[in-house]
Structures are given as C-alpha cells and as structure tokens.
Amino acid sequence: MTDAKWAAVRPLLPVPAWFQGRGGRPEGYCHRQLLDAIRYLVAGGISCRAMPADSYGTYRFDAVAAASPPVHGYHHGRNEALNEVVSAVFPAYQCEFRGDENLKEAVLRFKRMLRPTVITRQPVPYLRMRYENTRTGGGSVGPSLGFTTHDVLERELRLLEGAPGSFVEFENSQGDVRHIEWNGSWLVNDTPQAPPSQNWTASALGCP
C-alpha cells in the first residue's frame, strides 16, 4: 500500500484501546501490515477466497473470506481511492467457495446469495446445478450448470421420484459432480443408492 493510500485509510480505522490507555495489549502487527496481507489474499485474480480459521465461539463458521474491491464495491461512486484499498472480510464456511470464481460469479455470490453481514446466517454452499423433470415439465435452460441454492436442490431431488427419465446434476465447491436419476430406483453416477436425504445432500455439498 502506498503512503498516499495509507493516508486516506488510516483515519477511518479504530484507535486501539491500549493506545488510549484503556487496557489490553499491543497488536502483533500494525494495521497497515494487516491491510496489506488482506489485499494480498484477494489479489491475483481471486475474487473471493476462504481460509481455515480456528474458532468462532458458538457459531459454526470454519473460514474467513475476503472479497476484493471489484466484488464488494462498498465505496464505488463515492470514494474510489478508498474503495480501491478496502477488502470486505467476513466469517464464512469453506463449502461456500471454490477458489476459482470469476468476477461475475463472485459478485453474484457476494451480493445476492451469501448475506455476509448476517452473523447468524446458515451456510450457502457453492452449488451449481442443472435438471430436467419429465413429470413437472421443469428444467434448466441449456447444458451448463448454474448457481442455485440448497433448498432448490432438495426440492428437485424430491420431485425426481415417480418421474422416469428425469435427472438432477450438481457440482460442489470441490468440483465433485453428482448425477442423480430415478427410474424405479435411485442412481447416483450410475450406482444404486438409497433415496437422497437432507443429511446426504448436506454432506455432498460439504456443509458443516
């Protein structure tokens, strides 16, 4: 971070309690070093990235995520100099990120799906899906997998039973793809299996 950028950001940061004589102990790293480290993590084309974290008390978060300025756009149009040096850091779940999201995908996930400011939120796993149901007439447009939510996946899995020739195909954050069919019995990647349960779906998506 240049001196000019640091000069713009520094007044916006909180003053440590120990520095004001209110107790506590000095941080191990100065704020400028921490900001440089965060900016490094979201550099190199990675728009959102999850990192293992130790503990979040009673919450189930198992990662810290950092969204780069083009993704969060918190100060876009108001203070571009500040927007350029601010990264949105928030508690997250490792199952929510694949690590190779392009800018369009990262913006979609951050602004429309994750709700990063809600500390009580449930996991929103990285989930891309396509499907076709011969009984309901529902289905995806085109052959590509598109982002969706956990509840949509579970709904379409339930609707598979009694609809021969139908399928649901989905991909998780690890790049694992599962193709599920019902033709009188359940098949997952052409292997017979018991009906998909909520626990099975959560496990397949890597949810804690």
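Just above, that's the structure.
These notes cover the structure that comes with them. On a predicted model such as this, the values are computed, not experimentally measured, just so you know.

Quick look at the nonpolar core now. Residues Met129, Leu153, Leu157, Leu160, Val168, Phe170 and Ile180 are the most contacted members of the largest nonpolar core, which totals 21 residues. Elements represented by at least two residues in this core include exactly strand S4 (128-132), helix H6 (150-160), strand S6 (167-171), strand S7 (177-182), strand S8 (186-188) and helix H7 (198-204). Ranked by residue count, the leading element in this core is H6, at four residues. Counting residues in each nonpolar core, the second largest holds 12 residues, with Val71, Phe90, Phe110 and Val124 among its members.

The next point concerns the sheet that holds S6. Pairing in this open sheet of six strands is antiparallel, and the strands run S5-S4-S6-S7-S8-S9 from one edge to the other. Either end of the sheet is taken by a strand with one partner, and the two such strands are strand S5 (146-147) and strand S9 (191-192). Pairing geometry for S8 and S9, over two bridges, is antiparallel. Residue pairing in the sheet places valine 188 in a bridge with threonine 191 of S9. Taken strand by strand, H6 contacts S4, S6, S7 and S8, and its axis lies near 155 degrees from that of S6.

Here we take up the environment of proline 143. By secondary structure assignment, the location of proline 143 is in the loop between S4 and S5. What makes proline 143 exposed here is its relative accessible area of 68%. Through-space distance from the C-alpha of proline 143 to that of arginine 130 is 7.4 Å; in sequence the pair is 13 residues apart.

On to helix H5 (residues 103-113). Here H5 has its buried residues at Ala106, Arg109, Phe110 and Met113. The buried residues of H5 occupy one face: seen down the axis, they fall within an arc of 125 degrees. Facing away from the buried side of H5 by more than 90 degrees, the exposed set consists of Lys104, Lys111 and Arg112. Of the residues that open H5, the one with a side-chain oxygen 3.2 Å from the backbone nitrogen of lysine 104 is asparagine 102. Once H5 ends, the next one or two residues include arginine 115, with phi positive near 50 degrees.

Here S6 runs beside S7; their pairing, made up of five bridges, is antiparallel. Each residue of the ladder has a partner; that of phenylalanine 167, found in S7, is glutamate 181. In textbook terms, the turn of a hairpin is the stretch between consecutive antiparallel strands, and for S6 and S7 this stretch comprises five residues, one of which, glycine 175, has a positive phi near 85 degrees. Pairing of S7 with S8 involves three bridges; the strand directions are antiparallel. When the bridges of S8 are listed, glutamate 181 appears paired with leucine 187.

Right, let's get into unusual backbone geometry. Backbone geometry at asparagine 189 places phi at a positive 50 degrees, although glycine is not the residue there. The phi angle at aspartate 190 is positive, at roughly 70 degrees, despite the residue not being glycine. Considering the arrangement of structural elements, one finds aspartate 190 in the loop between S8 and S9.

Looking now at H6. Buried residues of H6: Val152, Leu153, Glu154, Glu156, Leu157 and Leu160, and no others. Once H6 finishes, glycine 162 follows within two positions and takes phi at roughly 85 degrees, a positive value.

This next bit is on the packing of aromatic side chains. Overall, the coordinates contain six aromatic pairs when judged by the stated rule. Aromatic pair phenylalanine 90 and phenylalanine 97: ring centres 6.5 Å apart, planes at 55 degrees, arrangement tilted. Taking relative accessible area as the criterion, phenylalanine 97 reaches 7% and is therefore assigned buried. On the numbers, 5.2 Å between centres and 85 degrees between planes, the contact of tyrosine 126 with phenylalanine 147 is edge-to-face.

In S4, alternate side chains face the same way, and those of Met129 and Tyr131 are buried while those of Arg128, Arg130 and Glu132 on the opposite face are not. With five bridges connecting them, S4 and S6 associate as antiparallel partners. Paired with arginine 130 across the two strands is glutamate 169, which belongs to S6.

What counts, and where the lines are drawn
Residue positions are given per chain, counted from 1 along the sequence in the order it is written. With pLDDT at 70 or above as the cut-off, local features in this predicted model cover only qualifying residues; side-chain atom pairs require 80 or more to be listed or tallied, and sums for whole chains, interfaces and linings still use all residues. Computation of side-chain values covers all heavy atoms of the structure but excludes hydrogens and water. To qualify as a nonpolar core, a set must consist of buried Ala, Val, Leu, Ile, Met, Phe, Trp, Tyr and Cys residues joined through side-chain atoms within 4.5 Å. Throughout, exposure labels follow a simple rule: accessible area from a 1.4 Å probe, protein chains only, divided by the maximum for the residue type, with under 20% read as buried, over 50% as exposed, and the rest as partly exposed. Counting from the N terminus, the helices are the DSSP runs of H or I reaching at least four residues and the strands are the DSSP runs of E reaching at least two. If DSSP finds at least two bridges between two strands, the strands pair. The criterion used for residue contact is that any of the two residues' heavy atoms lie within 4.5 Å. Angles shown run from 0 to 180 degrees and are taken between the N-to-C directions of axes, each axis being a line fitted to C-alpha atoms and, for helices, limited to the stretch in contact. Think of the arc as the fan of directions from the helix axis to the C-beta atoms. We define a polar contact as two N or O atoms separated by no more than 3.5 Å, with the added condition that, inside protein, one atom must be a possible hydrogen donor and the other a possible acceptor, whereas residues neighbouring each other in sequence contribute only through side-chain atom pairs. What counts as a ring pair is set by centres within 6.5 Å for rings of Phe, Tyr and Trp (its six-membered ring), and what kind of pair is set by the plane angle: stacked under 30 degrees, edge-to-face over 60, tilted for all other angles.

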